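The chain contents come next:
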Amino acid sequence: MRRTHPLVTILAMFTMAFLYLPLMAVAVFSVNATKYGLVWRGFTLDWYLKLFHNEVILNAAWNTLVLAVVSTIVSTILGTVLAIGMDRFPWSKRVNTFLDMVLHLPVVIPDIILAAALVVAFGLLRMVSSMFEPGLLNMIIGHITFQIAFVALVVRSRLVSLGQEIEEAARDLFASTGYLLRRVTLPLLLPGIVAGGMLAFTLSLDDFVISFFTAGPESVTLPLYIFAAVRRGVTPQIHALSTLVLLITVILVVGTERFSRRR
Amino acid sequence: MKRKMLVWYGELTTTRSLIKRGLLFLSPGMLWLLAFLVLPGLVLVVVSFASRGAYGELVWEFNLENYKRLAGFGIFGWSADYLVIVWRSVWVALVTTVLSVVLSYPLCFFIARRPERTRYLWLTMVIIPFWTNMVIRTYAWFLILAPELPFARLAAMLGLVSPGSPLYPSAFAVYLGMVSMFLPFVALPLYSSVERLDWELVEAAQDLYASRLRVFTQAILPQTLPGLSVGVILTFVPAMGMFVVPDLLGGAKYMLVGNLIQQQFGASRDWAFGAAISMGLMVLTMFSLYLYRRKSKGAEVLV
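### Some words on empty space enclosed by the protein
Point 1. A full pass over the atoms with the stated rule returns 3 cavities of 30 Å³ or more.
Point 2. Quantified by volume, the largest cavity comes out at close to 180 Å³.
Point 3. Considering the residues around the largest cavity, the lining is formed by 15 residues, among which Arg88, Phe89, Arg171 and Leu180 of chain A together with Arg21 of chain B are closest to the centre.
Point 4. Elements represented by at least two residues in the lining of the largest cavity include exactly helix H7 (165-172) and helix H8 (177-206) of chain A together with helix H1 (15-47) of chain B.
Point 5. Looking at which element gives the most residues to the lining of the largest cavity, the answer is H8 of chain A, with 4 residues.
Point 6. Across the lining of the largest cavity, the residue classes break down as 8 nonpolar, 2 polar and 5 charged.
Point 7. As a volume, the second largest cavity reaches approximately 40 Å³.
Point 8. Lining of the second largest cavity is provided by Thr64, Leu67, Ala68, His143, Ser204, Leu205, Asp207, Ser211, Thr221 and Pro223 of chain A.
Point 9. Counting residues per element, the ones that place at least two in the lining of the second largest cavity are helix H3 (55-87) and H8 of chain A.
Point 10. Ranked by residues supplied to the lining of the second largest cavity, first place goes to H3 of chain A with 3 residues.
Point 11. Looking at the lining of the second largest cavity residue by residue, the class counts come to 4 nonpolar, 5 polar and 1 charged.

### Thoughts on the layout of surface pockets
Point 1. The space that makes up the second largest pocket amounts to roughly 870 Å³.
Point 2. In this structure, the second largest pocket is lined by 24 residues; those nearest its centre are His5 and Val8 of chain A together with Phe109, Arg212 and Ile220 of chain B.
Point 3. The set of elements that each furnish at least two residues to the lining of the second largest pocket consists of helix H1 (6-29) of chain A together with helix H3 (81-112), helix H8 (199-207) and helix H9 (212-241) of chain B.
Point 4. Among the elements that make up the lining of the second largest pocket, the one with the highest residue count is H9 of chain B (6 residues).
Point 5. Broken down by class, the residue content of the lining of the second largest pocket amounts to 16 nonpolar, 3 polar and 5 charged.

### Description of the interface of chain B and chain A
Point 1. Contacts between the two partners involve 81 residues from chain B and, on the opposite side, 95 residues from chain A.
Point 2. Counting the surface lost from both chain B and chain A, the interface buries some 8,300 Å², and carbon and sulfur atoms represent 82% of this.
Point 3. Looking at the side of chain B facing chain A, the largest losses of area belong to Tyr9, Phe25 and Trp131 of chain B, adding up to 11% of the total buried there.
Point 4. Across the pair Arg231 of chain A and Asp247 of chain B runs a salt bridge, and its minimum N-O distance is 3.4 Å.

### Quick word on H1 of chain B
Point 1. The terminal C-alpha atoms of H1 of chain B lie 41 Å apart, and with 33 residues this falls more than 12% below the ideal 48 Å at 1.5 Å per residue.
Point 2. At Ser27 of chain B, H1 of chain B shows its maximal bend, which comes to roughly 45°, and the proline Pro28 of chain B appears one to four places after that position.

### Structural notes on the packing of aromatic side chains
Aromatic ring pairs are reported here in terms of the distance separating the ring centres and the angle at which the planes meet.
Point 1. In this structure the tally under the stated criterion is 29 aromatic pairs over all chains.
Point 2. Residues Phe14 of chain A and Phe18 of chain A carry aromatic rings whose centres are separated by 6.3 Å and whose planes lie at 15° to one another, so their mutual orientation is stacked. On the criterion of helical spacing, the pair formed by Phe14 of chain A and Phe18 of chain A is a turn pair, its members being 4 residues apart in helix H1.
Point 3. Every member of this aromatic cluster is reached through a ring pair, and the members are Phe208, Phe212, Phe213 and Phe227 of chain A together with Phe243, Phe265 and Trp271 of chain B.
Point 4. The ring of Phe273 of chain B has Arg69 of chain B lying over it, and the distance from NZ or CZ to the ring centre is 3.9 Å.
Point 5. Just above the ring of Trp199 of chain B sits the side chain of Arg113 of chain B; from NZ or CZ to the centre is 4.3 Å.

### Examining the side chain of Ser104 of chain B
Residues and elements named next belong to chain B.
Point 1. Structurally, Ser104 can be placed in helix H3.
Point 2. Residue class for Ser104 comes out buried when judged on its relative accessible area of 0%.
Point 3. Setting aside anything within four residues of it in sequence, one finds Ser104 in contact with Leu183, Val186, Ala187 and Leu190.

### A look at the domain arrangement of chain B
Residue and element names in this part refer to chain B.
Point 1. Taken as a whole, chain B is organised into domain 1 (5-68) and domain 2 (73-302).
Point 2. Once you take the C-alpha centre of each, domain 1 and domain 2 turn out to be 32 Å apart.
Point 3. Summing the contributions of domain 1 and of domain 2, the shared interface buries around 1,000 Å²; its carbon and sulfur component is 66%.
Point 4. By the criterion of area lost to domain 2, the three top residues of domain 1 are Leu44, Arg52 and Asn66, representing 42% of everything that side buries.
Point 5. At the junction of domain 1 with domain 2, the criterion picks out 0 salt bridges.
Point 6. The interface formed by domain 1 and domain 2 includes 3 residue pairs in polar contact (both at pLDDT 80 or more).
Point 7. Taken together, the residues of the side of domain 1 that touches domain 2 sort by class into 7 nonpolar, 5 polar and 2 charged.

### Digging into the pattern of salt bridges
Opposite charge on two side chains lets them pair, provided their charged atoms get close.
All names here are of chain B.
Point 1. Considering all chains together, one arrives at 7 salt bridges over all chains under this definition.
Point 2. Close ionic contact of Asp270 with Arg69 constitutes a salt bridge, the shortest N to O distance being 2.9 Å. With Asp270 in the loop between helix H11 (257-265) and helix H12 (271-302) and Arg69 in helix H2 (residues 65-70), this residue pair connects regions lying 201 residues apart in the sequence.

About the thresholds
- Residues numbered from 1 in each chain as written.
- Chains lettered and ligands numbered in written order.
- Predicted model: local features only at pLDDT ≥ 70, side-chain atom pairs only at ≥ 80, totals over all residues.
- Heavy atoms only, no water.
- 1 Å grid on protein atoms, 1.4 Å probe; cavity = no way out; pocket = protein on both sides within 12 Å on 5 of 7 lines; lining within 4 Å.
- Points joined across faces, edges and corners; volume = space filled by probe spheres on them.
- Helix = DSSP H or I, 4+ residues; strand = E, 2+ residues; numbered from the N terminus.
- Nonpolar A, V, L, I, M, F, W, Y, C, P; charged D, E, K, R; others polar.
- Contact = heavy atoms within 4.5 Å.
- Buried area = accessible area lost by both parts, 1.4 Å probe.
- Salt bridge = Lys/Arg side-chain N within 4 Å of Asp/Glu carboxyl O.
- Expected span 1.5 Å × (residues − 1).
- Bend = angle between axes of the 7 residues up to and from the residue.
- Phe/Tyr/Trp six-rings, centres within 6.5 Å; stacked < 30°, edge-to-face > 60°.
- Lys NZ or Arg CZ within 6 Å of the ring centre and 35° of its normal.
- Buried < 20%, exposed > 50% of the residue type's maximum accessible area, 1.4 Å probe, protein only.
- Domains from an automatic or database assignment.
- Polar contact = N/O pair within 3.5 Å; in protein donor to acceptor, adjacent residues only side chain to side chain.

This is the structure in structure tokens:
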């Protein structure tokens, strides 16, 4: 049995503490009874209760959810169809390179560039239609744009690993194109689609930059709300809100892990 | 006309009908990406040559003014202000990447040597911050660096800051925030390489009396290079464009390119200049990706 050098263990523990201390501090101060400062004044859940009476926060939570759900549904459908289109047809090498490049663009470029491009594009579209005023629609469009790429990449890797034997067998048994897709390809792809969808959902919840650039006054999401509030000064209520968001992230991550490991 | 027949996934069909059907599958997603990614990107390029009107509107007069301004040629003569910000962004991204790599190696070795049951637990512990909202992870440092806590007190005792003041905004706080933000981006890809590491090679190097440094550079580094290079590029590129961390932890003292871009689209309302800075960042991104591709080809030879 190889041993771990004590220095490695110490450094690893230090790194873990480095990652988790700030987050734990947020959780600890979210149950601290004092409103100002960081001195411990006893345990309370008041800040959590107050969250549920705060109209602005409830509204932001609702916006976050609508944004994540709508963009995830659209991007999962578009991304899955795109992945099938890319992998299951005899495209020439040049077409494949082009498709690959477009698909990787949102993954590699810094998100602030995509955000800037969207601001300018929506600004110009606004001359045509008032639909593109900064707001939820713009945010949904922005989120779908980067989500599609991630969903398509995840689903495509599943398609590649599936191989072609099963679909060939279905064709040999006289399956029509529609039947093949409905009863063979899509069911086989389902784990990939769910994984892609969960990734898209988490990305949407996690996103700040795209939302920040495309949001309007009516479409504040939780990350935007926390950002604005923190710049005015941190309060226990913000800690409570952040702790809840953290917990939801933990549940989502652990759920996704379980799901992808079971398959 | 001769129709080319072929068997594709067990179906006897023609290339033409396959391509027709293929386009049907490709078009929704690709049209979306062309409409909201490629086209806006091209518009951004065009806008970067336009000018700003008196009220912050876009004026379609094309010139190189924005790029000249970015290079420092303003109405008051040459100043390096913007170039300093660009250089600082590259520097911060570089330091962030190096520190993240240095911290990731021991962490990955540690996790790879846990028993299988607890290994996934540790790994999940690294994945959770990866997915946690960056605003929360950034502002969380406010608490750690607050004047009431030991870290700020220690710094005050050493005379680094005045007593009773927090350790932010400062360059130090930006580095803390950046490293904690991007560390999982290095650690996760690196781990996938460390997990597959062939320890017999490492032991062979040790048996042959290689120094610790040589064991690392010649037995460990080449084997973990695939994961490491993915982690480095996943950190370096987004770190250059980061604006939440410097905005919250650096304040006006430590602006990066991301803040500069955000300023043009926010308070300054100078989209054309913002577009030009974005193009600058894009060039830096492309250059690092190019270096990465060249380097990773070299890496394959090395392994």
